[in-house]
Amino acid sequence: MEAIIQSNYAAMSKIAAQIVAELLNTKPNAVLGMATGSTPLGLYQELVRLHTREQLDFSRVTTFNLDEYVGLNANHPQSYHHFMHEHFFQHVNIPPHNINIPSGTTSNYPAFCDWYEKRIVECGGIDLQILGIGTDGHIGFNEPTSSLSSRTRLKTLSKQTIDDNARFFDRRADVPVYAITMGVGTILEARKLLLVASGNGKAKAIAQTVEGPVTSMVTASALQLHRDAVVIVDEAAASQLTMRDYYDFIYAAKPAAPRGA
Ligand code: GLP
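Please read all numbers here as calculations on a predicted model, not as lab measurements. (Residues numbered from 1 in each chain as written. Predicted model: local features only at pLDDT ≥ 70, side-chain atom pairs only at ≥ 80, totals over all residues. Heavy atoms only, no water.)

Let's shift gears to the site of the ligand. Lining the immediate environment of the ligand, one finds 14 residues, of which S38, T39, D67, H138 and K202 sit closest. Take T39: an N or O atom from its side chain is 2.4 Å from an oxygen atom of the ligand. Taking R167, its side chain carries an N or O atom lying 3.2 Å from an oxygen atom of the ligand. Considered on its own, the ligand offers 390 Å² of accessible surface; in the complex 93% of this is hidden by protein. (Near = heavy atom within 4 Å. Polar contact = N/O pair within 3.5 Å; in protein donor to acceptor, adjacent residues only side chain to side chain. Areas by Shrake-Rupley, 256 points an atom, 1.4 Å probe, with all protein chains shown as cover.)

Further remarks concern the layout of surface pockets. Estimates place the volume of the largest pocket at around 570 Å³. Around the largest pocket, the lining comprises 31 residues; the ones closest to its centre are T36, G37, S38, Y80 and N165. The element best represented in the lining of the largest pocket is helix α3 (residues 80-87), accounting for four residues. For the lining of the largest pocket, the class distribution of residues is twelve nonpolar, 15 polar and four charged. (1 Å grid on protein atoms, 1.4 Å probe; cavity = no way out; pocket = protein on both sides within 12 Å on 5 of 7 lines; lining within 4 Å. Points joined across faces, edges and corners; volume = space filled by probe spheres on them. Helix = DSSP H or I, 4+ residues; strand = E, 2+ residues; numbered from the N terminus. Nonpolar A, V, L, I, M, F, W, Y, C, P; charged D, E, K, R; others polar.)

Direction vectors running N to C along helix α2 (residues 41-54) and α3 enclose 40°, while the axes themselves pass 10 Å from each other. Taken together, α2 and α3 sit at an angle that is classed as oblique. Between α2 and α3, the residues in contact are L41, Y44 and V48 and F83, M84 and H87, respectively. Here the residues of the contact of α2 with α3 are counted per class, giving five nonpolar, one polar and no charged. (Axes fitted to C-alpha atoms, helices over the stretch in contact; angles between N-to-C directions. Parallel < 35°, antiparallel > 145°, perpendicular 65-115°, else oblique. Contact = heavy atoms within 4.5 Å.)

As structure tokens, this is what we get:
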């Protein structure tokens, strides 16, 4: 795993966007795995800027989102469908039929989950999966104790995640209890993983992810099993990493490493 520490959120987002842009420049028909949450917003803004100012082309790109709340329709302001259109899809030129987001309103979740897995395979697999991280160390909505070989499925959210996400809803009771999420096994099949995290609230989860044991109690720690996983964090999120100087040394010595703002 590669850990890249940047001085602030803007620099972190810029480096992450450069990694995505490099992929699109070498593979214009890449399959991107998308994440929601506040953390990737800066990365999406930078990709939109590269699209509008530097002609970064998404016309042949296909996307698969990690997850969606169960029970929220696509127009609900807190649905991940709405989030993605609002913050990214409406600003770039991805053909709408190339956009895949789990359905939060299907009548048959097991069948939908099987279809989603097959659709990823039919599209050639995910080239690069963008990830955020929950304060409990989850990726997607793979809560603690999720199997590290899990596939796309319905998942019950943890109390911690419901508390964390209550800020987006009028009342805590409005936060959905279930979500549909790609599994850890699904995520690990992407050819490259790019996890972004910012702020003190993520420092413990990041230390556990990068330096802790691989455990289903911190599903992001499964990134240690992947041969091409990059974790990009700001200073605050890096604050509990014990090998921090080593990561800086590696990055500084890396030829042609992307540089932040
Ligand atoms: C949700 C999403 C995750 C995301 C997490 C953190 O739980 N399912 O994919 O990583 O929120 O969100 P934020 O970036 O807002 O802290």
